[in-house]
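What follows is each chain in one-letter form.
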Amino acid sequence: MRERGSGVRAVDPTAMRELNSSLTLRSLYLASAPLTMTELNRATGLSRRTIELILADLVAEGWVEPIEPGPATGAGRPPRLYEFRPERALVGAVQIDTHSTEAIVADLGGTVLGRSRRTLTNSTNPDLTLAEARAALLAAADESSTPVEAFRAVGVATGGAVDDDGTVVTLVHAPRWAGVRAGEGLGLPAGVHVIVDNDANLAALAERALGVANDYESFTWLFAGNRTGSGIIIDGRIHRGFRGAAGEIVEANLLGTQAMEQNRFGLLTSPDPVERAVGDAVAEGVRRGEPEAIAELDAFVAPFAQLLAVFAWTIAPPLIVVGGGLEAGADVLIPRLRTALEAAGAPAMELRASALGRGGMLQGALRVAIMSVERELFGSA
């Protein structure tokens, strides 16, 4: 006997239309070149008539640009093409360190339309720092001729352990940051989705998308010296740990982070360009064979190799990417690290220098903003 209410549930035509529209828009978004109606039919499995109706709406809404075919040839007139308009949705990204704050505005294709950098007055003061970060973002928005109200999302890279909701749990040498909700501190309009995360986490995310780790599902991004931290990617996702504490190795003084912080080679990771120049000089001295510079580097390598060995025996990543400024001295650093790890009997793992340099953290903030809009438009990143 058939129970009341059983049977096939009717399909909601509005929901189906939205699903088909999202599928069509996603196909255009992911395409490396404009698509024809036939190619969209192949990519989506939708009928030509359904695609025509969806494209009419998407063109009217500004998401899609039709490209008129060229003149007819002997084989007939070429078909009309359609392409996604990445400038239809703009996003922002902000990076905050101990020296300065930088902001960019970009479209969904990652094309930067505006950029601004400001030196911080006092990075340990969260209210003042966030006000200066907001000013940098507004200046970048002005350069791009885009009001912040038009942003779909903004990603923020900052130091310290950051909880899932964007709260800074702890920041070394800056106790006033504990408990600060950095996204709210930027004072952006309610419709702008703000994603805040640890800068090393975001650098790792960017390295996987755009840098030397794009062939690995799991790896660790690491920097040490004046600043120390790591971003851990496992199966393509950031491993955050309890309250975002995973990778905050600067808090573990027993791992030699203090010795690396005081080392002149370690100044390569300083946000201050004057201090970085000192680290560059040490690296150059090593290249020239200067004994003092070599001794300085060796004093840096010893605790750094111990730190890497801890990662090798605990997280056991197949790849460690060295970045955050250390890539500038990678040619003299990485061979010594490999030798030290082999001597210590650590499990074999590949070491690579970051391809994104110090810009990786800001690129990661941009990436999470874009991913947020992708989820909004397509239901997944």
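What this report covers is the structure whose coordinates are included nearby. Quick caveat: nothing in here was measured; it's all calculated off a predicted structure. (Residues numbered from 1 in each chain as written. Predicted model: local features only at pLDDT ≥ 70, side-chain atom pairs only at ≥ 80, totals over all residues. Heavy atoms only, no water.)

**Quick word on the sheet that holds strand 13 (residues 237-238)**
Okay, so step 1: Across the sheet, five strands lie side by side as 13-12-11-14-15; this open sheet has mixed pairing. In this open sheet, the two edge strands, each paired with only one partner strand, are strand 13 and strand 15 (350-353).
Okay, so step 2: Inspection of the sheet shows strand 11 (residues 219-223) paired to strand 14 (residues 319-322) by three bridges, in the parallel sense. If you follow Thr220 over to strand 14, its bridge partner there is Ile320.
Okay, so step 3: The strands touched by helix 6 (residues 199-210) are strand 11, strand 12 (229-234), strand 13 and strand 14; relative to strand 12, the strand with the most contacts, the crossing angle is about 50 degrees. (Pairing = 2+ DSSP bridges. Helix = DSSP H or I, 4+ residues; strand = E, 2+ residues; numbered from the N terminus. Contact = heavy atoms within 4.5 Å. Axes fitted to C-alpha atoms, helices over the stretch in contact; angles between N-to-C directions.)

**Some remarks on the packing of aromatic side chains**
Okay, so step 1: Scanning the entire structure with this criterion turns up six aromatic pairs.
Okay, so step 2: Residues Trp221 and Phe223 carry aromatic rings whose centres are separated by 5.2 Å and whose planes lie at 50 degrees to one another, so their mutual orientation is tilted. In this structure, Trp221 and Phe223 share a single accessibility class: buried.
Okay, so step 3: On the numbers, 5.2 Å between centres and 55 degrees between planes, the contact of Phe265 with Phe300 is tilted. With Phe265 in the loop between helix 7 (257-261) and helix 8 (273-287) and Phe300 in helix 9 (residues 291-314), this pair connects stretches of sequence that are 35 residues apart. Take Phe265 and Phe300: they sit in the same class, and that class is buried. (Phe/Tyr/Trp six-rings, centres within 6.5 Å; stacked < 30°, edge-to-face > 60°. Buried < 20%, exposed > 50% of the residue type's maximum accessible area, 1.4 Å probe, protein only.)

**Brief notes about the sheet that holds strand 1 (residues 35-36)**
Okay, so step 1: The three strands lie next to each other as 1-3-2, forming an open sheet whose pairing is antiparallel. Either end of the sheet is taken by a strand with one partner, and the two such strands are strand 1 and strand 2 (64-67).
Okay, so step 2: As paired elements, strand 2 and strand 3 (residues 81-84) share four bridges and run antiparallel to each other. By the bridge assignment for strand 3, Glu65 is matched with Glu83.
Okay, so step 3: Across the sheet, helix 1 (residues 13-30) lies against strand 1, strand 2 and strand 3, angled at about 85 degrees from strand 3, the strand it touches most.

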